[in-house]
Amino acid sequence: MTTASKTVSDVIHSHLGVLTRAEKQLAESLLDNYPVSGLGSITTIAENAGVSTPTVVRMVQKLGFKGYPDFQAHLHQEVEATISNPIAKHDRWAQNAPGTHILNRFADAIMGNLRQTLTDLDTATFDNVAALLSDRKRGLYFAGGRITGALAEYFFTHMQVIRPATTLLSSNSSSWPQYVLNMNAGDVLIIFDIRRYEQEMVSLATAARKRGAEIVVFTDQWGSPAAKLAKHAFRVRIEAPSAWDSSVVTLFIVEALIEAVQNSTWDETKERMKTLEGLFEQTKLFRKPG
């Protein structure tokens, strides 16, 4: 594969414009249930797409793979990466760790993540999400998982200051149906879900879509299953020289969205901030000097 940093899905999408009709039919079949759809035999994949096996061979070579085994090997690597636990991630990084200080290794990884994410990120997607979040006629709901719940809460806390009608879903997923009950058509559900994807996120996104909510998903480069149900998805690079994935670039996008929404609704936000500062003064929340 010519571009190691891209997923197979990325490569397929980038080549759609040069594929023949039969190859596009195959590509759509592969993307429909990605990546599972590409893990069968070449005969099975051809039959599922309604094309010939030579079409499969031609298309994977056109995508830059040496052949079908190479194509499938990359898919298997992606699947393995998405289910890696912290111990496996740590061992993989430790085996290839250079002799530089951990700060430098982290800085290199994070800067690489940021560059690649910004290269792949469509600014129109960013602007459309900012517009959704700025629309005060829409209620906003935030949900995250065991680790990403902290990102959801951070985003919610800032948006709660900027505008009304914001809700943070409980960490207890058994209570989520009550939140979905309050969602109206046009409301926005923001979901955070990175690898070792949490099964409840798909159920939540499915239920919210049935209520007419718009789904926005923050995920990794491989893509949470919930992203398939989203109107907009941010696919962020998360790998770091650690047992844990990095949230730095995800937080970068979140903070940029906060500023975009705040700036577009500044007059209203400024009044809310003034009122909030008065409430802080009454409750003596913050310590003053002197």
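Residues numbered from 1 in each chain as written. Predicted model: local features only at pLDDT ≥ 70, side-chain atom pairs only at ≥ 80, totals over all residues. Heavy atoms only, no water.

The name that an unreviewed UniProt entry assigns to the protein is DNA-binding MurR/RpiR family transcriptional regulator, with the source organism given as Rhizobium leguminosarum.

(A) Spotlight on the pattern of salt bridges. For the structure on display, the rule yields nine salt bridges. Note that aspartate 10 is salt-bridged to arginine 235, the shortest N-O span being 3.2 Å. One end of the pair, aspartate 10, is in helix α1 (residues 8–15); the other, arginine 235, is in strand β5 (residues 232–236), and 225 residues separate them in sequence. For aspartate 10, a relative accessible area of 16% puts it in the buried group. For lysine 231, the salt bridge is made with glutamate 214, and the minimal N-O distance between the two is 3.7 Å. Taken together, the residues lysine 231 in the loop between β4 (214–220) and β5 and glutamate 214 in strand β4 connect sequence positions 17 residues apart. Of the residues examined, glutamate 214 reaches a relative accessible area of 18% and is grouped as buried. Overlapping salt bridges bring together Asp10, Asp120, Arg235 and Arg237 as one network. (Salt bridge = Lys/Arg side-chain N within 4 Å of Asp/Glu carboxyl O. Helix = DSSP H or I, 4+ residues; strand = E, 2+ residues; numbered from the N terminus. Buried < 20%, exposed > 50% of the residue type's maximum accessible area, 1.4 Å probe, protein only.)

(B) The pairing of strand β3 (residues 188–192), seen in detail. The buried fraction of β3 is high, at five of five residues. Where strand β1 (residues 140–143) and β3 come together, four bridges link them in parallel fashion. Its bridge partner being in β3, phenylalanine 142 is matched across the sheet by isoleucine 190. In this sheet, β4 lies alongside β3 in parallel orientation, the contact comprising five bridges. (Pairing = 2+ DSSP bridges.)

(C) Expanded view of the packing of aromatic side chains. A complete count under the given rule lists eight aromatic pairs for this structure. Centroid distance phenylalanine 65 to phenylalanine 71: 5.4 Å. Interplanar angle 85 degrees. Geometry classified as edge-to-face. Centre to centre, the rings of phenylalanine 142 and phenylalanine 156 are 6.2 Å apart; their planes meet at 65 degrees, and the pair counts as edge-to-face. Here phenylalanine 142, found in strand β1, pairs with phenylalanine 156, found in helix α9 (residues 149–162); they are 14 residues apart in sequence, far enough to count as distant. Members of the aromatic cluster, connected to one another through ring pairs, are Phe142, Phe155, Phe156, Phe192, Phe218 and Phe234. (Phe/Tyr/Trp six-rings, centres within 6.5 Å; stacked < 30°, edge-to-face > 60°.)

(D) Focus on the packing of helix α12 (residues 248–264) against helix α13 (residues 266–283). Running from N to C, α12 and α13 point in directions that differ by 100 degrees, and their axes come no closer than 5 Å. As the angle between them shows, α12 and α13 are arranged roughly perpendicular. Facing α12, whose interface residues are Gln262, Asn263 and Ser264, α13 presents Trp266, Thr269 and Met273. Among the residues making up the contact of α12 with α13, the classes are represented as two nonpolar, four polar and no charged. (Axes fitted to C-alpha atoms, helices over the stretch in contact; angles between N-to-C directions. Parallel < 35°, antiparallel > 145°, perpendicular 65-115°, else oblique. Contact = heavy atoms within 4.5 Å. Nonpolar A, V, L, I, M, F, W, Y, C, P; charged D, E, K, R; others polar.)

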